[in-house]
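Each chain is listed here by its residues.
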Amino acid sequence: MPYPESLKKLIEKVEATRPARVERKKNDKEFPPLKLEEREPVLRNFHPDFIEGTRREIKVGPSKGYSISNEVVDILEAKSRMNPDLVNLSEPDFETDVLVIGAGGAGTAAAILAAENGAKVMIATKLRHGDANTMMAEGGIQAADKVGKDSPYYHYLDILGGGHFVNDPELVYTIVQNAPDALRWLEGLGTNFSKFEDGKMKTMHGGGTCRKRMHYAADITGAEIMKTIRDEARNHTDMIDVIEFCPAVEIALDDQGRCVGAVLYNLETAEYLFVKAMAVIMATGGSGRLHIQGFMTTNHYGATADGLVMAYRAGVPISFLHTVQYHPTGVVFPEQAEGILITEKFRGAGANVLNVHGEQFVYEREPRDVEAACIIRECSPKGRGNGVPTPTGKFGVWLDSPMIDMLKGEGTVRKEFPGKHILFRRFGIDISTEPMLIHPTLHYQNGGLDINNQCETNIPGLYAAGEVSAGIHGENRLMGNSLLDVIVFGRIAGTQAAGYIREHDDAGPANLDHVKRYNKEVEAAGIKEDRIAPMILPDYSNPEVREKQLTKDYFGTLS
Ligand code: MEZ
């Protein structure tokens, strides 16, 4: 749907302030970023993480007492979907060396490296190979590869600063040190990064970065990377099998507590299948489809935190889940595209964020949590009340994409942002001449399963990589470090798992005793609700889920 007359009238205010804003930018006169001490009160008052009543302590499991979002606690305090007494693990349906659960960026990178290190691999995935948040990532991947202009040292400091200085330093060191090599690996496999005519890679800033190190493939970087590594994995036909539409529902342990496989659920035949393996890599991604606090999400349909549930039940502690990432710029109009990511690259390229009066109220490259909180403050009736009303009764702010053509030359938006240009054109909106209406959208699970820098969990034989894991990004991830995370840690997990199986080929009989124990713990804690997990797919036919999504006016209730 094109902009109605009421919004077109408001766009005139954006147009009125645009020439002066473009001039200011051309003269490097930026809107002042918030000072460190100014960030804290905005976060406390307007970031959704700080809203009272939205979190509670988990009553069971290895991180009992940890207070995190109600929606995540709900699934962690649920019982298994299957009756562990009725599943026979003595006759596996499949046997492999390394089982990779999840077929996004981390799982696929892990599978390739495990295979290249001599392991037979099976990738089990809930949907199709590549149906994952990696595929949907847009704006870029960070790597400090420009010797003399940047270094992993600056990248390290940026990640720590963005994460509020509580990140796991070993994990941060590992990601920044391996970043240039990860980029070379992707390029070597054929990833088509955007380049200048002389062959040098184009780079730009992201929020919270002190150097231009965001490498990208237009605004479809994740799709380009995913397509490349999926092809590579599928070419290893002798070493990698892929089983689609078969999400894992529990991992299996042996009598020494080592991970020795997983139970899958075949979505087409409704059968449980047991895959026996010597090592398992958990790469199930995030949890946007839990719609924490009723937020719309950028996430793919299968992002329901399944890996978190399975590994937590088996005894892996969790951390950094007390913070959730809301991407500052999700579509809020047209309604049909609600929640869809509008890449931070627009702001990296200079697009201002503006209120209903066409005024800039925030520096456009604050770290994501700060930027999102400032936008919510601007929209909220309890904040500044300067939001742009949408035809469906919500509020958003403008992202002034037409500035980019004025700053960088006509045709830049169309060329650098083809994905979004095409999407909006379908609704009759030309984003090279009209701004976009945006609001923060649930984007990323900052925390997850505890791992070390070898991707090992506390369960021998169980590795984790990508969004399901915790510590790298601290309490707030910066743009472009998620695509990097899945490649760096996916590759490490695959290499380590292949090494592990060479020394641990003596797995005992598989069992699901931990599942039985967990079910009992849930009962003993007096948790009465009849919930089961993993959720596998969000149930939008359920009025409770639907209502939360479609009717709750979270734009009004947020603060
Ligand atoms: O890292 C991300 O989340 C990312 C690249 C998103 C974006 O804004 O494009």
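As a reminder, the structure under discussion sits directly above these lines.
Numbers given to residues run from 1 along each chain, matching the order in which its sequence is written. Local features in this predicted model are restricted to residues of pLDDT 70 or higher, and side-chain atom pairs are both shown and tallied only at a pLDDT of 80 or more, whereas totals for entire chains, interfaces and linings draw on every residue. Hydrogens and waters are ignored; side-chain quantities use all the structure's heavy atoms.

K.L.:
An account of the site of the ligand is requested, with residue identities and associated values reported.
P.N.:
We define proximity as follows: a residue is near a molecule or strand when any one of its heavy atoms falls within 4 Å of that partner. Residues in close proximity to the ligand include Glu-138, Gly-139, Gly-140, His-327, Thr-343, Glu-344, Arg-368, His-443, Arg-477, Met-479 and Gly-480, which together make up its full environment. In the environment of the ligand, an oxygen atom lies 2.6 Å from a nitrogen or oxygen atom belonging to the backbone of Gly-139. Residues adjacent in sequence count toward polar contacts only when both atoms are side-chain atoms; beyond that, a polar contact is any pair of N or O atoms within 3.5 Å, and within protein one must be able to donate a hydrogen and the other to accept it. The contact in question runs from an oxygen atom of the ligand to an N or O atom on the side chain of His-443, over 2.8 Å. Working definition of accessibility: Shrake-Rupley area with a 1.4 Å probe, residue cover restricted to the visible protein chains. Burial of the ligand by the surrounding chains reaches 98%, relative to a free accessible area of 270 Å². For this scheme, ten residues count as nonpolar: Ala, Val, Leu, Ile, Met, Phe, Trp, Tyr, Cys and Pro. Four count as charged, namely Asp, Glu, Lys and Arg, and the remainder, Gly too, count as polar. Of the residues that constitute the shell around the ligand, the class distribution is one nonpolar, six polar and four charged.

K.L.:
Explain the packing of aromatic side chains to me, using residue names and the numbers behind them.
P.N.:
Aromatic pairs are defined between Phe, Tyr and Trp rings, using the six-membered ring for Trp, whenever the two ring centres lie within 6.5 Å; interplanar angles under 30 degrees are classed as stacked, those over 60 as edge-to-face, and all others as tilted. A complete count under the given rule lists nine aromatic pairs for this structure. Here Phe-346 and Phe-417 contribute two aromatic rings whose centre-to-centre distance is 3.8 Å and whose plane-to-plane angle is 15°, an arrangement assigned as stacked. Remark: Phe-417 occurs in the loop between helix H13 (412–416) and helix H14 (418–426) and Phe-346 occurs in helix H10 (residues 345–348); sequence separation between them is 71 residues. Classification of Phe-346 by relative accessible area gives buried; the value is 0%. Here the term buried applies to any residue with accessible area under 20% of the maximum for its type, exposed to any over 50%, and partly exposed to those in between, with areas from a 1.4 Å probe on protein chains only. Taking the relative accessible area as the measure of exposure, Phe-417 reaches 1% and is therefore buried. Under the DSSP-based scheme used, a helix requires at least four consecutive residues in state H or I and a strand at least two consecutive residues in state E, with every element numbered from the N terminus.

K.L.:
Any details on the pattern of salt bridges? Residues and values, ideally.
P.N.:
Salt bridge, as applied in this entry: a Lys or Arg side-chain nitrogen positioned within 4 Å of an Asp or Glu carboxyl oxygen. Under the counting rule described, the total for this entry stands at 33 salt bridges. The closest approach of N and O atoms between Lys-9 and Glu-12, which form a salt bridge, is 3.7 Å. Residue Lys-9 and its partner Glu-12 are located together in helix H1 (residues 5–26), separated by three residues, close to a single helical turn. Glu-12 gets classed as partly exposed once you look at its relative accessible area, which sits at 43%. Glu-366 is the partner of Arg-39 in a salt bridge, and the nearest nitrogen-oxygen pair spans 3.8 Å. Within this pair, whereas Arg-39 is found in helix H2 (residues 36–46), its partner Glu-366 is found in the loop between strand S17 (353–354) and helix H11 (368–379), the two being separated by 327 residues in sequence. Just as Arg-39 is buried, Glu-366 falls in that class too. Each member of the salt-bridge network shares a partner with another, and the members are Arg-56, Asp-74, Glu-77 and Arg-531.

K.L.:
Tell me what's going on with the pairing of strand S12 (residues 259–265), and back it up with residues and numbers.
P.N.:
Taken residue by residue, a regular strand's side chains alternate between the two faces of the sheet. Among the seven residues of S12, seven are classified as buried, and the element is accordingly described as predominantly covered. When DSSP finds two or more bridges between a pair of strands, those strands are recorded as paired. Where strand S11 (residues 248–253) meets S12, five bridges bridge the pair, whose relative direction is antiparallel. Its bridge partner lying in S12, Ala-252 is registered against Gly-261. Here S11 folds back onto S12, and the loop between the two strands holds five residues, one of which, Gly-257, carries a positive phi near 80°.

K.L.:
Tell me what's going on with the nonpolar core, and back it up with residues and numbers.
P.N.:
Counting residues in each nonpolar core, the largest one holds 106 residues, and the members touching the most others are Val-121, Met-282 and Ile-318. When residues in this core are grouped by element, the largest group, 12 residues, is from helix H15 (residues 481–503). Counting 45 residues, the second-largest nonpolar core is a separate cluster that includes Val-42, Ala-337, Leu-399 and Leu-437. We define the nonpolar core as a collection of buried residues of types Ala, Val, Leu, Ile, Met, Phe, Trp, Tyr and Cys that are connected through side-chain atoms lying within 4.5 Å of one another.

K.L.:
I'd love a proper account of the side chain of Thr-209, names of residues and values included.
P.N.:
Positionally, Thr-209 belongs in the loop between strand S8 (203–204) and strand S9 (214–215). Of note is the side chain of Thr-209, whose polar atom sits 2.9 Å from the backbone oxygen of Gly-206. For Thr-209, the side chain forms a polar contact with the main-chain oxygen of Arg-211, separated by 3.4 Å. Two residues qualify as a contact provided that any one of their heavy atoms is within 4.5 Å of a heavy atom in the partner residue. Discounting chain neighbours no more than four positions away, the residues touching Thr-209 are Gln-142 and Asp-158.

K.L.:
I'd like a description of unusual backbone geometry, backed by residues and values.
P.N.:
Look at the link from Phe-333 to Pro-334: it is a cis peptide, with omega at 0°. Mapped onto the secondary structure, Pro-334 falls in the loop between strand S16 (325–333) and H10. Cis peptide bonds are those with omega within 30 degrees of zero, and the linkage from Ala-533 to Pro-534 qualifies with 0°. With respect to the element layout, Pro-534 can be found in the loop between strand S23 (532–533) and helix H17 (543–550). In this structure, Ala-305 takes a positive phi of about 65° despite not being glycine. With respect to the helices and strands, Ala-305 occurs in the loop between strand S14 (279–282) and helix H9 (306–314). For Ile-536, which is not glycine, the phi torsion reads 70° and is therefore positive.

K.L.:
Can you tell me about a nonpolar patch on the surface, naming the residues and giving the values?
P.N.:
A patch consists of residues whose relative accessible area exceeds 30% and which take part in no salt bridge; residues with like charges are grouped when within 9 Å of each other, and nonpolar side chains (Val, Leu, Ile, Met, Phe, Trp, Tyr) when within 5 Å. On the surface, Tyr-153, Tyr-154 and Leu-157 cluster together into a nonpolar patch covering about 300 Å² of accessible area. With respect to the secondary-structure elements, Leu-157 resides in helix H6 (residues 152–162).

K.L.:
Could you give an account of the environment of Thr-329, with specific residues and numbers?
P.N.:
Inspection of the secondary structure puts Thr-329 in strand S16. Overall, the relative accessible area of 0% leaves Thr-329 in the buried class. C-alpha of Thr-329 to C-alpha of Arg-347: the two residues are 18 residues apart in sequence and 9.6 Å apart in space. When near neighbours in sequence (up to four residues on either side) are disregarded, Thr-329 contacts Ile-340, Leu-341, Ile-342, Thr-343, Arg-347, Leu-399, Ile-438, His-439 and Thr-441. Of the polar contacts made by the side chain of Thr-329, one reaches the backbone oxygen of Ile-342; its length is 2.6 Å.

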